[in-house]
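Descriptive structure summary
Chain by chain, the residues:
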Amino acid sequence: MKYQSVDQSHALTSAMVIARSPLRVSLAGGGTDLPSYYQRNGGLVVGAAIDRHVAVALYPRSFDGGVRAAWEVPEQVGHTSLLLNGFARAALERRGRTHGFEIASFADIPSGTGLAGSGAFTVATLAALTYPNSLDAMKLAEEAFAIETQDLRRPVGKQDPYFSAVGGFRSLHISVDGQVDAEQLFVSEELRAYFDDRLLLFYTGVQRDAGAALSVQDSKTSGGDTAAISSLERIHSLAERMLQSVAAGRLDDVGPLLDEHWRYKKQVS
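Residues numbered from 1 in each chain as written. Predicted model: local features only at pLDDT ≥ 70, side-chain atom pairs only at ≥ 80, totals over all residues. Heavy atoms only, no water.

**Topic: the environment of threonine 125**
Inclusion rule: The helix and strand labels rest on DSSP assignments: H or I over at least four residues marks a helix, E over at least two residues marks a strand, and numbering proceeds from the N terminus. Note on exposure labels: buried denotes an accessible area under 20% of the residue type's maximum, exposed denotes more than 50%, and partly exposed covers the range between, all computed with a 1.4 Å probe on protein chains only. Whether two residues are in contact is decided by their heavy atoms, any of which lying within 4.5 Å being enough. Counted as a polar contact is a pair of N or O atoms within 3.5 Å, where, for protein atoms, one must be capable of donating a hydrogen and the other of accepting one, and residues adjacent in sequence contribute only when both atoms are in side chains.
For threonine 125, the position within the fold is in helix H3 (residues 117-130). The buried category is assigned to threonine 125, whose relative accessible area is 1%. Threonine 125 sits 33 residues away from leucine 92 along the chain, and the two C-alpha atoms are 8.2 Å apart. When residues no more than four places from it in sequence are discounted, the contact partners of threonine 125 are Val56, Ala91 and Ile103. A distance of 2.8 Å separates a polar side-chain atom of threonine 125 from the backbone oxygen of phenylalanine 121.

**Here we look at unusual backbone geometry**
Most peptide bonds take the trans configuration, and most residues that are not glycine carry a negative phi. Across the junction of tyrosine 131 and proline 132, the peptide omega takes the value 10°, indicating a cis bond. Inspection of the secondary structure puts proline 132 in the loop between H3 and helix H4 (137-151). For arginine 153, which is not a glycine, the phi torsion comes out positive at approximately 55°. The class of arginine 153 is exposed, set by a relative accessible area of 68%.

**A short note on the nonpolar core**
Side chains of nonpolar character tend, in soluble globular proteins, to be buried together. Which entries qualify depends on this criterion: What is meant by a nonpolar core is a set of buried Ala, Val, Leu, Ile, Met, Phe, Trp, Tyr and Cys residues, joined one to another through side-chain atoms within 4.5 Å.
Within the largest apolar cluster, 43 residues are counted, with the highest numbers of intra-cluster contacts made by Trp71, Leu83, Ile103 and Phe121. Top element by residues in this core is H3. It accounts for eight residues. Once residues lying within four places of it in the same chain are set aside, the contact partners of tryptophan 71 are Leu83, Asn85, Ala88, Ile103, Ser105 and Phe121. Counting 24 residues, the second-largest nonpolar core is a separate cluster that includes Ala48, Phe195, Ile235 and Val246.

**Brief notes about the confidence of the model for the protein**
Short version of the rule: For every residue, the pLDDT score states the predictor's confidence, bounded by 0 at the bottom and 100 at the top.
Across the protein, the average pLDDT comes to 91, with 95% of residues at 70 or higher. For the stretch residues 9-13, pLDDT sits under 50, and the model shows six contacts to residues farther than four places along the chain or on other chains.

In structure tokens form, the structure reads like this:
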């Protein structure tokens, strides 16, 4: 497994920009990164960006002066505000790109597979729009989070844009005011071999929007549902245990902790 972070590059001519951003796998703490929880108790997520990506290509001209977009459902419109892809529309509007360009996306996996494809797409789009200015990964992550939570009103957490923008194997410590400390974790050869040999991903053909499940959690937590909050507190504690096990090299703990994490997650929504 290679630990990645967002990057930019020129392609073909100096007028075209390609940015790609990695997908992520979280090991523990998912759910504690939503504002409805971390504003109460803070949050903690342990996970990693992986060597599978979403890429966005931005070409600054279009023949008819409109917007031509090539992604899962292609679009050709006269103005950015007419795009059905809300993630792209919000990112483009934030950067004042209203018309006269072409944009396309490419991905190593289909959408809706649980590897934070929408977060990676948003980060890659913002990275492409940032060029030629230098990237500040933390600001890029926070802007991508704002697009989902403020512009699109999606009840999502901090982990997806942060793992995608910052990269690496990390613990994300989230304070009650939303500040994120993305601590880089040491990756030993034993840990790398464990991930390569014993943690496997399979595509089942099932696709889903994580926002639907997270909206249930968000509603319960915001409403003070004691069962949901109790499960999230256990998940928070479990993330601390995962962090300790990884730091101490107790890799045989990882699988059972993943299983325990999943059982608590099912109790939330």
